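Spelled out from the first residue to the last, the chains are:
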Amino acid sequence: MGFRKDFAWGAATSSYQIEGAAYEDGKGWNIWDVFCKEEGRIFSSHTGDIACDHYHRFREDVEIMKSLGMKAYRFSINWARILPMGEGKVNEKGIMFYSDLIDALLEGGIEPFITLYHWELPYELYKKGGWMNEDMVTWFGEYAALVSERFSDRVTHFFTLNEPQCFVGLGFLEGVHAPGVTAPVRDTFTMSHIALKAHGMAVKQLREHAKQDIFVGYAPTGTMSYPDSDKPEDIEAARLHLFSLPDDLSQWTWNVSWWSDPVVFGEYPEEGLKKYREYLPTITKDDMKLISQPIDSYAQNIYNGHRIRMGADGKPEMVKRYDGFPKTALDWPVTPECLYWGPKFLYDRYQLPIYITENGLSCHDTVSVDGQVHDPNRIDFLYRYLKCLKQAAEDGSDIKGYFQWSLMDNFEWHSGYAERFGLVYVDYHTQKRIIKDSGYWYKKLIESNGDILI
Ligand code: FCB
């Protein structure tokens with residue numbers, strides 16, 4: 001019992017958040033390169049220009065992963081690093097960087113998991129309309145073909161989009177993420193539809209150009225729902241709540257089913273088709289066929305959840321969090337139950353093997369007088385969450401892997417370097433890495449394949 005023997009224990013990162021080398025070796029700009037330069041967008045005007053300097057230090061970072069016994073590593077490709085204009089001419093130096101990284105990982109016994117899009121929209125494509133332009137489907141497909149062509153001789157695991165909820169919602173509704181636009185609601189539905197078609201095209205292209213059998217998934221996010229009690233009606237309420245859709249249009253992207261039902265079932269949820277009717281683009285049968293290309297796994301980024309009970313009116317209702325509810329440094333609630341009920345509900349609905357592609361927390365980490373970074377809160381958080389995940393696996397959900405967010409402290413989008421999510425501390429002045437206590441704990445956890453979670 002416990003986790004499967006071949007469980008992929010890993011950590012995740014994304015290119016803009018760690019690589020730096022923003023203007024080197026022929027890399028093109030992406031929307032974050034542009035966005036971060038604008039006064040007032042990012043905490044303290046931080047940028048990812050240097051970030052963790054991973055572009056130059058990746059060998060050291062792979063050594064760290066190796067020393068922690070990691071089995072898998074999820075990273076993203078910076079689209080404009082390999083295709084500076086977003087399409088057309090390939091930048092061989094960019095290809096070489098990822099190729100060397102992949103080789104180093106494989107030499108270290110670490111399985112690479114590539115994310116194609118962790119929000120790195122090439123600026124040149126943005127200028128042509130980006131996610132509003134139907135051509136994105138072709139461009140994303142060509143990019144996926146190139147990635148498959150060049151890397152699938154060694155890489156067999158791919159994810160297409162990371163958290164479309166965020167890049168559409170935060171990028172184009174709230175405008176707090178790049179490109180910092182507040183678009184009409186209608187446009188955001190158009191973008192979401194184009195993004196889903198681009199996902200489908202990428203699945204096709206990855207497979208068509210693969211040098212061997214590959215496994216393709218997709219990595220949306222979502223706040224999970226968990227029941228207030230073991231009563232069947234509360235469990236049902238939590239399930240209903242998880243797959244329901246917001247009424248508030250300014251918040252519409254924060255849901256699971258609009259983004260995942262089309263991918264797995266080839267259909268948008270009925271509830272949304274009704275609720276959002278006035279804002280939807282034309283949706284054809286062919287679109288849905290493209291969107292629902294078969295995938296091999298269902299991935300989900302999970303950080304927290306809402307406690308739900310069945311209300312007297314027969315509708316799910318949210319249970320208010322008590323005063324002083326546990327929270328992370330970023331004020332996100334600590335709700336370990338979401339890593340039991342989330343995967344369970346998702347597995348029940350989508351019937352695909354599950355990867356948790358992100359989970360973790362930011363803490364107020366500092367270097368102590370002994371030169372070490374003591375982060376008991378992170379160990380406690382991971383222990384509680386992973387114990388729930390283990391229980392979900394034991395109760396029958398097919399869970400294939402877990403990627404802690406994040407391998408190292410990095411550029412946390414509009415919070416800049418103010419938040420520290422890593423198992424490894426990064427001193428941004430010297431670029432020195434220090435493995436935190438949680439990193440050493442994670443190593444023990446991996447060695448025991450989760451058996452230390454009792
Ligand atoms: C997720 C993002 C990831 C990181 C974590 C904290 O929404 O995918 O890049 O910022 O949150």
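Residues numbered from 1 in each chain as written. Predicted model: local features only at pLDDT ≥ 70, side-chain atom pairs only at ≥ 80, totals over all residues. Heavy atoms only, no water.

Draft legend 1. Region of interest: the overall build of the chain. Per the secondary structure count, the chain includes 16 helices and 13 strands. Scaling as 2.2 N^0.38, a compact globule of 454 residues should have a C-alpha radius of gyration of about 22 Å, and the chain matches this with 21 Å. Overall, the C-alpha framework of the chain stretches about 60 × 55 × 45 Å when taken along its three principal axes. Counting only residues that meet the buried cut, the chain has 60% of its 454 residues in that class. Restricting to contacts in the chain with at least 6 residues of sequence separation, those with at least 24 account for 77%. Counting every atom, the chain has about 17,500 Å² of accessible surface; 51% of that belongs to carbon and sulfur. Looking at charge distribution, the chain has the averaged site of its 48 positive side-chain charges lying 1 Å from that of its 66 negative ones. (Helix = DSSP H or I, 4+ residues; strand = E, 2+ residues; numbered from the N terminus. Rg over C-alpha atoms; globule rule 2.2 N^0.38 Å. Buried < 20%, exposed > 50% of the residue type's maximum accessible area, 1.4 Å probe, protein only. Contact = heavy atoms within 4.5 Å. Areas by Shrake-Rupley, 256 points an atom, 1.4 Å probe, with all protein chains shown as cover. Lys, Arg positive; Asp, Glu negative; His and termini not counted. Charge placed at Lys NZ, Arg CZ, Asp CG, Glu CD.)

Draft legend 2. View of the pattern of salt bridges. Scanning all chains against the criterion turns up 36 salt bridges. Its salt-bridge partner being Lys197, residue Glu134 comes within 2.9 Å of it at the nearest N-O pair. Pair noted here: Glu134 is in the loop between helix H6 (123–127) and helix H7 (135–151) and Lys197 is in helix H9 (residues 185–208), with a separation of 63 residues, a long-range link. Accessibility expressed as a relative area gives 7% for Lys197, which makes it buried. With a shortest N-O distance of 3.5 Å, Lys443 and Glu447 are connected by a salt bridge. Of this pair, Lys443 and Glu447 both sit in helix H16 (residues 437–447), four residues apart, which is roughly one turn of that helix. Residues joined in a network through salt bridges with shared partners are Asp365, Asp375, Arg378, Asp409, Arg420 and Lys436. (Salt bridge = Lys/Arg side-chain N within 4 Å of Asp/Glu carboxyl O.)

Draft legend 3. Structural context of H7. With 17 residues, H7 should cover 24 Å at 1.5 Å per step; its first-to-last C-alpha distance of 24 Å lies within 8% of that length. Of all 17 residues in H7, twelve are buried; the element is thus mostly enclosed. Listing the buried residues of H7 in full gives Met136, Val137, Trp139, Phe140, Gly141, Tyr143, Ala144, Ala145, Leu146, Val147, Ser148 and Phe151. (Expected span 1.5 Å × (residues − 1).)

Draft legend 4. Just the state of the cysteines, in detail. Throughout the structure, instances matching the rule amount to zero disulfides. Left unpaired, Cys363 is separated from the closest cysteine sulfur, that of Cys338, by 16 Å. Not engaged in a disulfide, the cysteine Cys388 finds its nearest cysteine sulfur in Cys338; these two sulfurs lie 7.8 Å apart. (Disulfide = S-S within 2.5 Å.)

Draft legend 5. Layout of the site of the ligand. The local shell around the ligand consists of Gln17, His118, Trp119, Asn162, Glu163, Tyr303, Trp332, Glu358, Trp405, Glu412, Trp413 and Phe421. Take Trp413: an N or O atom from its side chain is 2.9 Å from an oxygen atom of the ligand. When isolated, the ligand has an accessible area of 290 Å², and the protein chains bury 95% of it. Put simply, the ligand lies in the largest pocket. Looking at the shell around the ligand residue by residue, the classes come out as six nonpolar, three polar and three charged. (Near = heavy atom within 4 Å. Polar contact = N/O pair within 3.5 Å; in protein donor to acceptor, adjacent residues only side chain to side chain. 1 Å grid on protein atoms, 1.4 Å probe; cavity = no way out; pocket = protein on both sides within 12 Å on 5 of 7 lines; lining within 4 Å. Sits in = over half its atoms within 2 Å of the grid points. Nonpolar A, V, L, I, M, F, W, Y, C, P; charged D, E, K, R; others polar.)

Draft legend 6. The sheet that holds strand E11 (residues 399–405), seen in detail. Reading across from one edge, E5-E4-E3-E2-E1-E11-E10-E7 is the order of the eight strands in this open sheet, with parallel pairing throughout. Looking at the sheet topology across the chains shown, the edges are occupied by strand E5 (215–219) and strand E7 (298–301). Averaged over all pairs of adjacent strands, the angle between strand axes in this sheet comes to 25°, irrespective of strand direction. Summarising the sheet, strand E4 (residues 157–162) and E5 pair through four bridges and their orientation is parallel. By the bridge assignment for E5, His157 is matched with Phe215. (Pairing = 2+ DSSP bridges. Axes fitted to C-alpha atoms, helices over the stretch in contact; angles between N-to-C directions.)

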